[in-house]
There are 2 protein chains.
Amino acid sequence: MHISKFVTPEIIFGKNAIKQVGDACLRLGAKKVLIVSDYGVANAGWLDKVISICKESFLPYATHIDVTINPKDTDVVKGCRAYIENECDAIIGLGGGSALDSAKAIAILATNGGQISDYEGVDKIEKPLPPMIMIMTTAGSGSEVSQFSVIVDSKRGKKMSIISKTLVPDIAIVDPLTLVTKDSSLTAATGLDVLTHAIEAYVSTAATPLTDVQAKNALSLVSKFLRPSVASKTNEEAKEAMAMASLQAGLAFSNAILGAAHAISHAIGGKLPISHGEINAVLLPYVMDFNFIAAPERFSDIAAIMGFDLRGMSEREAGNASIQFVRDLAADIGAPHRLRDVGITEDMIDWAGQLALIDACMITNPRDVNLEQVKTLLKNAL
Amino acid sequence: MHISKFVTPEIIFGKNAIKQVGDACLRLGAKKVLIVSDYGVANAGWLDKVISICKESFLPYATHIDVTINPKDTDVVKGCRAYIENECDAIIGLGGGSALDSAKAIAILATNGGQISDYEGVDKIEKPLPPMIMIMTTAGSGSEVSQFSVIVDSKRGKKMSIISKTLVPDIAIVDPLTLVTKDSSLTAATGLDVLTHAIEAYVSTAATPLTDVQAKNALSLVSKFLRPSVASKTNEEAKEAMAMASLQAGLAFSNAILGAAHAISHAIGGKLPISHGEINAVLLPYVMDFNFIAAPERFSDIAAIMGFDLRGMSEREAGNASIQFVRDLAADIGAPHRLRDVGITEDMIDWAGQLALIDACMITNPRDVNLEQVKTLLKNAL
């Protein structure tokens with residue numbers, strides 16, 4: 001085994017954990033916080049909730065909620081201006097991956113200067129970031145615990161993966177009760193993102209025993225609880241399980257990185273305003289089938305965790321079972337099952353394939369991928 | 001579920017991970033480090049190894065190796081003096097639990113002043129500690145990742161549990177190759193400590209889903225690999241598995257705390273120079289039997305992880321199987337199985353019971369314990 005590194009934030013998990021955000025900021029020495037969120041989260045009432053907790057803690061704050069899905073560098077610049085003009089010294093991210101990744105990118109610009117594209121890739125951030133407290137409200141991205149921030153370079157139409165240990169937040173707050181305001185299609189898309197994180201991290205070439213335990217537990221939870229979580233906004237057991245699944249999948253992929261599904265999904269998401277989770281969901285079974293020969297025993301593990309009795313099954317049969325499980329789960333919760341269902345057309349395959357090949361997540365895909373293969377993958381999924 | 005909190009250091013795990021200690025110190029801004037270790041580790045050559053790595057990194061250092069098993073407050077004062085006189089600004093702990101807990105205690109005194117007994121209990125440390133890098137060489141204590149430091153108050157003859165998030169090291173380095181110099185009896189004693197950490201953390205009243213995954217994986221590894229690790233100094237697969245088991249059990253108990261076996265073991269270890277792992281090993285089956293009624297389903301989980309096929313078994317039978325597994329494992333690796341074998345006599349039961357009741361680890365034991373019960377436990381184990 002190679003040397004494995006594992007980094008996590010301090011984690012505060014549980015119902016009403018959100019109430020600890022004021023105390024968490026003060027503990028980190030914050031004098032004035034910038035709260036980064038989006039309109040959906042604000043409309044659901046969570047921004048007001050966090051503001052009222054800051055007020056109770058006598059903690060001054062400013063807000064920045066100009067965040068879109070697949071968040072853009074231009075919005076990050078605006079957020080950075082809000083941080084500096086308001087003389088903030090700490091950042092709260094409140095929302096799903098878009099809000100949290102924006103909060104991290106604002107933290108980078110505010111202390112390291114330059115343009116966000118300067119930091120694309122691994123370990124490009126040199127100066128320490130301000131204290132970051134991330135409150136996750138989607139059970140999807142895992143950004144609350146990860147060393148990733150994914151931002152769209154709007155000039156190049158490309159998602160940039162910024163990967164650095166310093167992007168691991170200081171404190172991650174995960175409150176399953178924040179999930180009860182999500183509609184079912186968002187729950188489905190973000191939940192399938194969690195599934196993709198768990199599976200890609202588990203078969204990643206950078207997986208370690210420390211990431212494996214997190215990936216396996218996340219996979220077990222999402223296999224059992226994603227359906228009931230989509231079925232009911234108020235099923236608290238399912239919300240709690242999905243919040244934990246998201247967190248654990250985040251710990252897994254933050255340290256084991258991902259694979260071809262994410263590489264392709266980043267390529268497409270940089271140009272088109274399509275849900276990251278939905279693209280992943282469509283691609284995942286095709287990528288699993290392609291990757292099978294790289295790690296047959298890992299796909300048997302995945303099938304067993306999903307609940308299949310492997311006695312009498314070959315590794316190929318177990319692999320097929322795991323792939324069919326993903327298709328069935330996606331179908332049950334109403335996810336799109338072809339790329340054309342989310343607006344991808346044949347003429348996009350060439351640039352999407354080219355961009356996917358150079359995405360940082362492709363490096364840890366367990367099977368080598370060339371341009372022909374990634375284009376075939378995309379064609380099959382079309 | 002209550003709100004659960006989870007804190008871990010950055011972890012660097014793998015063969016030859018020790019070589020990264022220089023880089024790790026420099027990354028944390030260290031200008032001069034105090035290396036805290038003990039004579040056994042120094043004689044095995046690991047202190048020289050770390051010194052040579054510091055030299056290669058042009059990192060000035062001083063050393064303090066006056067550390068005994070069940071480390072004492074008086075030695076901590078000496079270590080603190082070495083830190084201050086040598087104008088150090090960071091600490092490397094190198095060794096097993098005794099060296100690492102001493103390193104943490106020196107860090108407390110060096111920056112917070114006063115006496116080490118001022119910090120007994122939970123969250124008594126107010127000022128930030130210097131950067132701490134812990135290199136684990138025993139696969140036992142889990143101190144490399146934990147928020148614990150256990151130091152003997154030599155006046156009172158009492159082990160003090162100092163528990164604080166700030167005691168979580170900045171970086172934990174776990175190099176399985178450091179385990180190949182341990183003799184078999186130390187491997188057995190420290191391995192049984194790992195087993196006790198995993199089981200006590202799993203049935204603790206403060207267990208959470210985040211600690212459970214770590215505890216279960218640690219239990220699975222120690223169940224399979226402790227025997228072969230004791231059998232051979234050079235079985236690298238077993239050493240790697242035990243190093244991971246120790247780390248994961250440490251992550252579990254650091255966040256879920258422990259139970260009655262550790263409370264009693266701390267009581268005895270404060271007065272007598274007996275191996276902590278050996279006392280735990282003797283006590284564990286008795287404590288499991290006593291605790292069974294508090295969490296029967298958890299003991300079924302434990303039996304399943306140990307490898308028992310639970311079909312057709314009652315919870316009581318599964319619980320008994322898990323207890324018998326612990327006895328068999330301890331017997332196979334030559335651990336003592338009565339307290340009298342490690343020098344405990346009947347006249348010690350009264351004070352040991354009284355001290356155990358007020359130990360911080362007793363708070364999270366899953367079954368309430370009164371003085372009569374703890375004394376009966378001790379008598380049974382005598």
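Residues numbered from 1 in each chain as written. Chains lettered and ligands numbered in written order. Predicted model: local features only at pLDDT ≥ 70, side-chain atom pairs only at ≥ 80, totals over all residues. Heavy atoms only, no water.

Student: Explanation requested: the overall build of chain A in the structure shown.
Tutor: From N to C terminus, chain A includes 14 helices and ten strands. Compactness check: chain A gives a C-alpha radius of gyration of 20 Å against a globular reference of 21 Å for 382 residues, within 12% of the reference. Its C-alpha atoms put chain A at 65 × 45 × 40 Å along the principal axes. In chain A, which comprises 382 residues, the proportion classed as buried is 64%. Taking contacts inside chain A between residues at least 6 apart in sequence as the whole, the part at least 24 apart equals 78%. When the 35 positive and 43 negative side-chain charges of chain A are each reduced to one mean point, those points stand 1 Å apart. (Helix = DSSP H or I, 4+ residues; strand = E, 2+ residues; numbered from the N terminus. Rg over C-alpha atoms; globule rule 2.2 N^0.38 Å. Buried < 20%, exposed > 50% of the residue type's maximum accessible area, 1.4 Å probe, protein only. Contact = heavy atoms within 4.5 Å. Lys, Arg positive; Asp, Glu negative; His and termini not counted. Charge placed at Lys NZ, Arg CZ, Asp CG, Glu CD.)

Student: Help me out: how do you make sense of the environment of K72(A) in this one?
Tutor: All names here are of chain A. Following the sequence through the fold, K72 ends up in the loop between strand 4 (61-64) and helix 4 (73-85). When near neighbours in sequence (up to four residues on either side) are disregarded, K72 contacts I151 and V152. A polar contact of 2.9 Å, which involves the side chain of K72, links it to the side chain of T68. (Polar contact = N/O pair within 3.5 Å; in protein donor to acceptor, adjacent residues only side chain to side chain.)

Student: Looking at this structure, how should I read helix 10 (residues 276-291) of chain A?
Tutor: Residues and elements named next belong to chain A. Within helix 10, the axis deviates most sharply at L283, by approximately 40°, and proline P285 lies no more than four positions further along. Helix 10 sits mainly inside the fold: 14 of its 16 residues count as buried. Looking at where helix 10 begins, the residue whose side-chain oxygen comes 3.3 Å from the main-chain nitrogen of G277 is S275. (Bend = angle between axes of the 7 residues up to and from the residue.)

Student: Sorry if this is basic, but what is going on with the side chain of S146(A) here?
Tutor: Structurally, the position occupied by S146(A) is in the loop between strand 7 (132-136) and strand 8 (148-153). Ignoring any residue separated from it by four or fewer positions in sequence, one finds S146(A) in contact with K104(A), L167(A), V168(A), P169(A), G250(A), F253(A) and S254(A).

Student: Whenever I open this one, the interface of chain B and chain A confuses me. Can you help?
Tutor: Taken residue by residue, the interface counts 31 residues in chain B and 31 residues in chain A. Interface of chain B and chain A: buried area, both sides summed, is about 2400 Å²; carbon and sulfur atoms make up 55% of it. Counting across the interface, chain B meets chain A through two salt bridges. Put simply, E10(A) and K165(B) hold a salt bridge, and the shortest N to O gap is 3.1 Å. (Buried area = accessible area lost by both parts, 1.4 Å probe. Salt bridge = Lys/Arg side-chain N within 4 Å of Asp/Glu carboxyl O.)

Student: Sorry if this is basic, but what is going on with the relation of the copies chain B and chain A here?
Tutor: The two chain copies are related to each other by a rotation about an axis together with a translation along it. Screw-axis analysis of chain B against chain A gives a translation of 0.0 Å along the axis, an RMSD of 0.0 Å, and a rotation angle of 180°. Put plainly, the chains are arranged around a two-fold axis. Looking at chain B, 100% of its interface residues are interface residues in chain A too, so the copies touch through the same face. (Least-squares fit on C-alpha atoms with pLDDT ≥ 70 in both.)

Student: What exactly am I supposed to notice about helix 8 (residues 236-256) of chain A here?
Tutor: In an α-helix there are 3.6 residues to a turn, and that puts residues three or four apart on one side. Residue and element names in this part refer to chain A. Taking 1.5 Å per residue, 21 residues should reach 30 Å; helix 8 reaches 30 Å between its end C-alpha atoms and fits that length. Judged by how many residues are buried, helix 8 sits mostly within the fold: 19 of 21 residues are covered. Of the residues that open helix 8, the one with a side-chain oxygen 3.2 Å from the backbone nitrogen of E237 is N235. (Expected span 1.5 Å × (residues − 1).)

Student: When you look at the sheet that holds strand 8 (residues 148-153) of chain B in this model, what are you seeing that I'm missing?
Tutor: All names here are of chain B. Pairing is mixed across the open sheet formed by three strands, whose spatial order is 6-9-8. Edge positions in the sheet fall to strand 6 (121-122) and strand 8, since each has one partner strand and no second. The pairing of strand 8 with strand 9 (residues 158-163) spans six bridges and is classified as antiparallel. Bridge pairing in strand 9 places F148 opposite I163. (Pairing = 2+ DSSP bridges.)

Student: Got a minute to help me understand the domain arrangement of chain A in this structure?
Tutor: One widely used convention gives an interface's size as the accessible area the parts lose upon coming together. Residues and elements named next belong to chain A. One can read the domain layout of chain A as domain 1 (10-178) and domain 2 (182-381). The C-alpha centroid of domain 2 is placed 25 Å from the C-alpha centroid of domain 1. Across the boundary between the two partners, domain 1 contributes 28 residues, which contact 34 residues of domain 2. Of all residues in domain 1, the largest losses of buried area upon contact with domain 2 belong to F13, F148 and K159, amounting jointly to 21% of the total for that side. The interface formed by domain 1 and domain 2 includes two salt bridges. One salt bridge connects E236 with K15, and the closest N-O pair in it is separated by 3.0 Å. Across the contact surface, domain 1 and domain 2 share eleven residue pairs in polar contact (both at pLDDT 80 or more). Mapped onto the side of domain 1 that touches domain 2, the elements with two or more residues apiece are strand 2 (10-13), strand 8 and strand 9 (158-163). Counting residues per element, the side of domain 1 that touches domain 2 draws most heavily on strand 9, which supplies four residues. (Domains from an automatic or database assignment.)

Student: Where do I start with the pattern of salt bridges in this structure?
Tutor: Should the charged atoms of two oppositely charged side chains come close, the side chains can pair. Under the definition given, this model contains 28 salt bridges over all chains. Between D350(A) and K375(A) there is a salt bridge, with its nearest N and O atoms 3.0 Å apart. Within this pair, whereas D350(A) is found in helix 13 (residues 349-357), its partner K375(A) is found in helix 14 (residues 371-381), the two being separated by 25 residues in sequence. Overall, K375(A) belongs to the buried group, its relative accessible area being 19%. Where E10(B) meets R27(B), a salt bridge forms, and the shortest distance between an N and an O atom there is 2.9 Å. You can see E10(B) sitting in strand 2 (residues 10-13) and its partner R27(B) sitting in helix 1 (residues 21-27), a full 17 residues away along the chain. Note on E10(B): relative accessible area 11%, which makes it buried.

Student: What is the right way to read the pairing of strand 3 (residues 33-36) of chain B from this model?
Tutor: Consecutive residues of a regular strand have side chains that alternate between opposite faces of the sheet. Residues and elements named next belong to chain B. Alternating residues of strand 3 divide into V33 and I35 and L34 and V36, and every residue in both groups is buried. As defined by bridge partners, strand 3 adjoins strand 4 (residues 61-64) across four bridges and the pair is classed as parallel. When the sheet's bridge partners are listed, L34 is paired in strand 4 with A62. In this sheet, strand 5 (residues 90-95) lies alongside strand 3 in parallel orientation, the contact comprising four bridges. What sits directly across from L34, in strand 5, is I91.

Student: Is there a simple way to explain the sheet that holds strand 6 (residues 121-122) of chain A in this structure?
Tutor: For sheets, the rule is that strands pair by backbone hydrogen bonds, running either parallel or antiparallel. Taking strand neighbours across the sheet as the criterion, the three strands line up as 6-9-8 (chain A) in an open arrangement whose pairing is mixed. Looking at the sheet topology across the chains shown, the edges are occupied by strand 6 and strand 8 of chain A.

Student: What exactly am I supposed to notice about the packing of aromatic side chains here?
Tutor: In this description, a pair of aromatic rings is defined by centroid distance and the angle of the planes. The full count for this structure, using the stated rule, is six aromatic pairs over all chains. Seen in terms of ring centroids, F292(A) and F299(A) are 6.0 Å apart; in terms of plane orientation they differ by 50°. Their pairing is tilted. For F299(A), a relative accessible area of 2% corresponds to the buried category. Taking the centre distance of 6.2 Å and the plane angle of 80° together, the rings of F308(B) and F325(B) count as edge-to-face. Separated by 17 residues along the polypeptide, F308(B) in the loop between helix 11 (296-306) and helix 12 (315-332) and F325(B) in helix 12 bring together distant segments of the chain. Using a relative accessible area of 29% as the deciding quantity, one classes F308(B) as partly exposed. Exposure remark for F325(B): the relative accessible area of 12% places this residue in the buried category. Above the face of the Y286(A) ring, R327(A) is positioned so that its terminal group lies 5.0 Å from the ring centre. (Phe/Tyr/Trp six-rings, centres within 6.5 Å; stacked < 30°, edge-to-face > 60°. Lys NZ or Arg CZ within 6 Å of the ring centre and 35° of its normal.)

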